[in-house]
Protein chains: 4
Amino acid sequence: MSASMGTNSYGKDGIRLVLVRREPRRHELRDLTVGIRLAGDFDRVHTEGDNSAVLPTDTMRSTVYALAQEHLTGCIEDFGVAVARRLLSVTPAASTARVELVEHRWTRSSVAGALHAHAFESGSAERATASVTVDRGGQVDVHSGLDGLSLLKTTDSAFSGFLRDELTVLPETEDRILATEVAADWAHLPGHTPAYDVERAAARRALVETFASHRSRSVQHTLHAMGAALLAACPDAAEVHLRLPNKHHVAVDLQAVGLTNDRAVFVATDRPYGVIEGTVTRG
Amino acid sequence: MSASMGTNSYGKDGIRLVLVRREPRRHELRDLTVGIRLAGDFDRVHTEGDNSAVLPTDTMRSTVYALAQEHLTGCIEDFGVAVARRLLSVTPAASTARVELVEHRWTRSSVAGALHAHAFESGSAERATASVTVDRGGQVDVHSGLDGLSLLKTTDSAFSGFLRDELTVLPETEDRILATEVAADWAHLPGHTPAYDVERAAARRALVETFASHRSRSVQHTLHAMGAALLAACPDAAEVHLRLPNKHHVAVDLQAVGLTNDRAVFVATDRPYGVIEGTVTRG
Amino acid sequence: MSASMGTNSYGKDGIRLVLVRREPRRHELRDLTVGIRLAGDFDRVHTEGDNSAVLPTDTMRSTVYALAQEHLTGCIEDFGVAVARRLLSVTPAASTARVELVEHRWTRSSVAGALHAHAFESGSAERATASVTVDRGGQVDVHSGLDGLSLLKTTDSAFSGFLRDELTVLPETEDRILATEVAADWAHLPGHTPAYDVERAAARRALVETFASHRSRSVQHTLHAMGAALLAACPDAAEVHLRLPNKHHVAVDLQAVGLTNDRAVFVATDRPYGVIEGTVTRG
Amino acid sequence: MSASMGTNSYGKDGIRLVLVRREPRRHELRDLTVGIRLAGDFDRVHTEGDNSAVLPTDTMRSTVYALAQEHLTGCIEDFGVAVARRLLSVTPAASTARVELVEHRWTRSSVAGALHAHAFESGSAERATASVTVDRGGQVDVHSGLDGLSLLKTTDSAFSGFLRDELTVLPETEDRILATEVAADWAHLPGHTPAYDVERAAARRALVETFASHRSRSVQHTLHAMGAALLAACPDAAEVHLRLPNKHHVAVDLQAVGLTNDRAVFVATDRPYGVIEGTVTRG
């Protein structure tokens, strides 16, 4: 029996990069986790054990570190493009290079009311994300995003009028807690290269404000509203993919112990959880 | 600006099911985590907040539990088909139902040398997996798999003759530790419905034995050999996707402290790690 | 052979409580994870299987939910005291009840520049913590704390002049990155019952500002300074235990690839990591 | 205000060691995670920033690697003693050195029915553990243990006759699933130095067999029986500490959907969970 290679790729994940820029008056701090993937014609690597076309994943790691000082001066998207181009240029067999970037948030500490020159604090799970793909023809595809943003509203969320079968026991509700952890990823219109950080701030604001203000009939309903708001706020975005787990909060039955519970006491549950995902596009 | 829905789906993840079958002479134990996704025409749910087409994800959960006694009598693949068919039948708007199944491994405990009737032990991260998709036309697509299988060999693994650029510092090696955690997922030939558990055992054996015996020139090289062996051992499998992280083991430099280290003492590193993935197909 | 019980305790962990207070103008949100432990004379439970002295852990869970509306009106410490007293009062065999509380941080979302009445956002790993123990004599012991607070400074941290043996290869440094994730826990002077939330804010400020301003000779040196500052800022605290993992940042060697790296490019490493812990006391 | 140091210690966690012994006929593999703590008179390190007494934690790491070839030839306890003694000998300020060891389990792969010379497989969360403390007077205290061992029985477990208050809603049961993940840690009688690996195998067997065979009235009841059995099987053990989380399995209410569920279909829940821990001693 013969066996041949279908789609394949290889790379390095979990490259941790911290970059310090020591400006005269204060230090700037960047904290990234980077992943790399190359795809192309690597058939003989697999079938023959011929490594002559393979740039080691260790070199991908070195490339991220080597390019940081010169190219990580602005947004992660631009750094991703530089890394991807470099990897393509030194790997003839690769037809595409993809760079996945995650930026961890630090804020400058305050001391006696003033922002400190070189001390930072964090503790946040919210992260800026980007995915950059460059192909042999020079085509650049940039996705921007964010994840780890937890949102919760205590009212203005209903779920009723849904389809029922004989296994459906869920009661309808006009007033529940709605909670999620947003993962958003948006593609850009051909040829559009916005200031990605400015765009991300506008995107985040649209997501948060829409979640807060929307009178939700379902997570799907809110997803569409959030996606539409993001597209309105980000004119260079072509479409946005949202993944919104439904982090269920169940009102505790206190009647059994002689107490009332008018939407006050809830259990935050981990599993199972609803998963709602979809892409919102223009037009 | 108008915004419309692109691809979307919804469902439930993390449905934990334990099923006990109390046979006269001994109890049988099954332990699954199940995920569900429905996709189809749910546009008005998103854009209008009209829930009339939406089967609640809570009902998906109930469906898994309600069908377990009757349908989880054999392999997880068959149970997945039953759940998917049921969900499609009660949700007219859905065009496809997908069921993701993970089975956690328990082994029967021994007491005084004999297998016990109702006590089990575990501690294993290795799991059987399956993904079943059924569409409105009755088409059934079954993927089988396994994950969490850690493999390590202490020799017969080289990585040399690779591409170098000026950022490449990795030394060539003819003898390194090769370690990975296998995630395998195979599709079936049209119309083929093997005994999935028998097939999975054959697949596992092929993966383990090939990893052990293969003289590896690279992870890619081993990936192809493992995939080819799996296809040879599983005549109903059409192709197999393998994801093989390269869990690097770095020889410790003991020269600095006056000791030799001839491939004896290694650091097992977590991050960064190589990621090699690909699909091996017939022909 | 006879075997008897030594120290033992039992309880419930991972009790997730979300409490919403629906004030006329805006909603207040609390989000806690609670753990309970009872200890006392439970010997016959263990040796005889006599459960008559055992309050079920399910009742501990119910108690947390039942008391929330009336008693979770202020700081978590006061809620912990109420829960502990209740559990002691209904469990004659228990000599002490301990309640461990963790509060997850949410901040009110802004919409169009104004704080929203019922929408919140998070993503923070930083948490307020407390441990309350009440004994049969009515003695109340309250520990307050916080954890998940990541701090990093890019200079003003040295590590030199340390002990060396023939296995020591670490170079001395006068300027390194210092990074940690603070876990702090402070006990109170007998009879002192401060406003625990006000105290926690003062404690946090002392920790953050001291970390930022201190010219560190070692993590131990900074630990002492942080602890002393906390005690100075919190007059009701008797002593503070600090756990400060040393999250190593290693400068990347770029010489091998022909580049300089003057304390700019670092790898943030996960493992192994230093662990420094100690208690700072008054006087 | 003056502040002084109370109890303190420092060390290194997460030291990952893989050791390969290349015997002529087959390779032996060891896979450990090691943690170190030194305690003693380190006051001036904290208060003055005087590092002259501090052996760097980086050297602790080096020590683990440097001693592995010579001293990791048998059980992890003996290796721990060697590491602890070495660290004490080179650190005059330390009064005690503690070494925590965890061994990850690998099993030799089979190929064509024969055990392979150099290929291994894993996927197990069960681990052998040990904690070794050596003091300046040469006193050696060895604890042995294991963790990550999941046990489940489908019958012979009751929980009834317990204490009730007005918040107690839990129904009594004479037949439930009992599931736990064992963490066991046993101390040794003064002067006793058994073959620790042989002892651990006997301990494990006692734990597993007792869990299986015991007619459980509560987790506490089973904990005592397991502890007593371990002490009977391990004559050199002085006492054993057991931590047995109660991993609740809740029978699904299928009546609401018109089905019966006679102890067949269960939800395995994550949180909250019961925690039962205690020490069983001789006599």
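This one's a predicted model, so the numbers in the text were calculated from it and none came from an experiment. (Residues numbered from 1 in each chain as written. Chains lettered and ligands numbered in written order. Predicted model: local features only at pLDDT ≥ 70, side-chain atom pairs only at ≥ 80, totals over all residues.)

Student: Can you walk me through the overall build of chain A in this structure?
Tutor: In terms of helices and strands, chain A carries five helices and twelve strands. The buried share of chain A, reckoned over its 283 residues, is 51%. Considering only contacts in chain A between residues 6 or more positions apart, those separated by 24 or more positions represent 62%. (Helix = DSSP H or I, 4+ residues; strand = E, 2+ residues; numbered from the N terminus. Buried ≥ 20, exposed ≤ 12 C-beta atoms within 10 Å, placed from the backbone. Contact = placed C-beta atoms within 7 Å.)

Student: Looking at this structure, I do not really get the interface of chain A and chain B. What am I missing?
Tutor: Opposite the 70 residues of chain A that make contact, chain B presents 70 residues. When contributions to the side of chain A that touches chain B are tallied by element, the ones reaching two or more residues are β1 (3-22), α1 (43-48), α2 (57-71), α5 (219-233) and β12 (273-282) of chain A. Per element, the largest residue contribution to the side of chain A that touches chain B is 14 residues, and it comes from β1 of chain A. Along the lines of polarity and charge, the residues of the side of chain A that touches chain B split into 28 nonpolar, 31 polar and eleven charged. (Nonpolar A, V, L, I, M, F, W, Y, C, P; charged D, E, K, R; others polar.)

Student: Looking at this model, I keep getting lost on the relation of the copies chain A and chain B. Mind explaining?
Tutor: When chain A is fitted to chain B, the residual RMSD is 0.0 Å, and the transformation amounts to a turn of 180 degrees plus an axial shift of 0.0 Å. Expressed as an axis order, the relation between the two copies is that of a two-fold axis. Ranked by how close their C-alpha atoms come to the rotation axis, the residues of chain A are headed by T7 of chain A, at 11 Å. The overlap is high: 100% of the interface residues of chain A also sit at the interface in chain B, so the same surface is used on both sides. (Least-squares fit on C-alpha atoms with pLDDT ≥ 70 in both.)

Student: Would you take a moment to explain the relation of the copies chain B and chain D for this structure?
Tutor: Put simply, the two copies of the chain differ by a rotation about an axis and a shift along that axis. When chain B is fitted to chain D, the best match, at an RMSD of 0.0 Å, comes from turning it 180 degrees and sliding it 0.0 Å along the axis. By residue overlap, the copies meet face to face through one surface: 100% of the interface positions of chain B are interface positions in chain D.

Student: Even after reading the chapter, I still don't get the domain arrangement of chain A, so can you show me in this structure?
Tutor: Interfaces are frequently sized by the accessible area removed from exposure as the parts join. Residue and element names in this part refer to chain A. Per the domain assignment, the segments of chain A are domain 1 (10-138) and domain 2 (148-281). The interface of domain 1 with domain 2 comprises seven residues on the first partner and six residues on the second. Sorting elements by how many residues they give to the side of domain 1 that touches domain 2 places strand β6 (residues 127-135) first, with three residues. Across the side of domain 1 that touches domain 2, the residue classes tally to three nonpolar, one polar and three charged. (Domains from an automatic or database assignment.)

Student: Could you clarify how one ought to interpret the nonpolar core in this entry?
Tutor: Proteins that are soluble and globular tend to have nonpolar side chains buried together. Of all hydrophobic cores here, the largest spans 324 residues; its most connected members are L230 of chain A, L230 of chain B, L230 of chain C together with L230 of chain D. Among all residues touching L230 of chain C, those that are not within four sequence positions of it are W186, A203, A206, L207, A237 and V240 of chain C. (Core = buried A, V, L, I, M, F, W, Y, C linked by C-beta atoms within 7 Å.)

Student: Could you clarify how one ought to interpret the interface of chain B and chain D in this entry?
Tutor: Every contact between the two is made by 50 residues of chain B and, on the other side, 50 residues of chain D. Looking at the side of chain B that touches chain D, the elements with two or more residues in it are β1 (3-22), β2 (27-40), α2 (57-71), β4 (107-111), β5 (114-121), β7 (140-153), α4 (196-213) and β11 (265-268) of chain B. Taken together, the three bridges between β5 of chain B and strand β7 (residues 140-153) of chain D define a ladder with antiparallel strand orientation. When the sheet's bridge partners are listed, E121 of chain B is paired in β7 of chain D with L151 of chain D. (Pairing = 2+ DSSP bridges.)

Student: Any chance you could explain the pairing of strand β11 (residues 265-268) of chain A here in plain terms?
Tutor: Consecutive side chains along a regular strand alternate between the two faces of the sheet. Judged from the three bridges that link them, strand β10 (residues 249-251) of chain A and β11 of chain A form a sheet pairing that is antiparallel. Bridging across to β11 of chain A, H249 of chain A finds its partner in A268 of chain A. Across two bridges, the pairing between β11 of chain A and strand β1 (residues 3-22) of chain C is antiparallel. Across the sheet, residue F266 of chain A finds its bridge partner in β1 of chain C, namely V18 of chain C.

Student: For this particular structure, what's the right way to read helix α3 (residues 76-90) of chain A?
Tutor: Since the α-helix advances by 3.6 residues per turn, residues separated by three or four positions end up pointing in the same direction. Residue and element names in this part refer to chain A. With 15 residues, α3 should reach 21 Å at 1.5 Å per residue; the first-to-last C-alpha distance of 22 Å fits that figure. Burial in α3 covers these residues: I76, E77, F79, G80, V81, V83, A84, R86 and L87. Those residues of α3 that are buried lie in contact with β2 (27-40), α2, β3 (94-104), β6, β7 (140-153) and α4 (196-213). (Expected span 1.5 Å × (residues − 1).)

Student: For this particular structure, what's the right way to read unusual backbone geometry?
Tutor: Backbone geometry follows two general trends: most residues other than glycine have a negative phi, and most peptide bonds adopt the trans configuration. All names here are of chain A. In this structure, P272 follows R271 across a cis peptide bond, with omega equal to -10 degrees. As for its position among the elements, P272 is in the loop between β11 and β12. In this structure, R263 is a non-glycine residue whose phi angle is positive, near 55 degrees. Looking at the secondary structure, you find R263 in the loop between β10 and β11. On the basis of neighbour count, R263 is assigned to the partly exposed category, with 15 C-beta atoms found within 10 Å.

Student: Got a minute to help me understand the pairing of β5 of chain B in this structure?
Tutor: Residues and elements named next belong to chain B. By the bridge criterion, four bridges tie β4 to β5 in an arrangement that is antiparallel. Within β5, the position partnered with S110 by the bridge is L115. From the end of β4 to the start of β5, which pair antiparallel, there are two residues, and A112 there has a positive phi angle of about 55 degrees.

Student: Help me understand the packing of helix α2 (residues 57-71) of chain D against helix α3 (residues 76-90) of chain D, please; the structure alone is not making it clear to me.
Tutor: How two helices pack is summed up by the angle between their axes together with the distance between the axes. All names here are of chain D. In the contact formed by α2 and α3, the axes pass within 10 Å of each other and the chain directions differ by 130 degrees. By the angle between their directions, the pair α2 and α3 is classed as oblique. Note on packing geometry: the crossing formed by α2 with α3 is right-handed. Residues M60, T63, V64, L67 and H71 of α2 form the contact with α3, whose participating residues are F79, A82, V83, R86 and L87. In the contact of α2 with α3, the residues fall into seven nonpolar, two polar and one charged. (Axes fitted to C-alpha atoms, helices over the stretch in contact; angles between N-to-C directions. Parallel < 35°, antiparallel > 145°, perpendicular 65-115°, else oblique. Left-handed = near helix turned anticlockwise from the far one by under 90°.)

Student: Would you explain the environment of V142 of chain D in this entry?
Tutor: Residue and element names in this part refer to chain D. Topologically, V142 is positioned in strand β7. For the pair formed by V142 and P190, sequence separation is 48 residues and the distance between their alpha carbons is 9.9 Å. Discounting chain neighbours no more than four positions away, the residues touching V142 are E77, A130, V132 and H188.

Student: Explain the environment of V182 of chain C here, please?
Tutor: All names here are of chain C. Note on placement: V182 falls in strand β8 (residues 178-188). C-alpha separation for the pair V182 and V252, spaced 70 residues apart in sequence, amounts to 26 Å. Residues within four places of V182 in sequence aside, it is in contact with D147, L149, L151, L207, L242 and L244.

Student: Got a minute to help me understand the environment of S131 of chain C in this structure?
Tutor: Residue and element names in this part refer to chain C. You can see S131 is positioned in strand β6 (residues 127-135). Accessibility expressed as a C-beta count within 10 Å gives 20 for S131, which makes it buried. It is 17 Å that separates the C-alpha atoms of S131 and R204, two residues lying 73 residues apart in sequence. The contacts of S131, once residues within four sequence positions are left out, are R98, E100 and H143.

Student: Mind showing me how you'd approach the confidence of the model for chain A here?
Tutor: The predicted structure's coordinates, where accompanied by low pLDDT, should not be read in detail. Averaged over every residue, the pLDDT of chain A is 97; the share at 70 or more is 100%. Across the predicted assembly, pTM comes out at 0.97 and ipTM at 0.96. (pLDDT = per-residue confidence, 0-100.)

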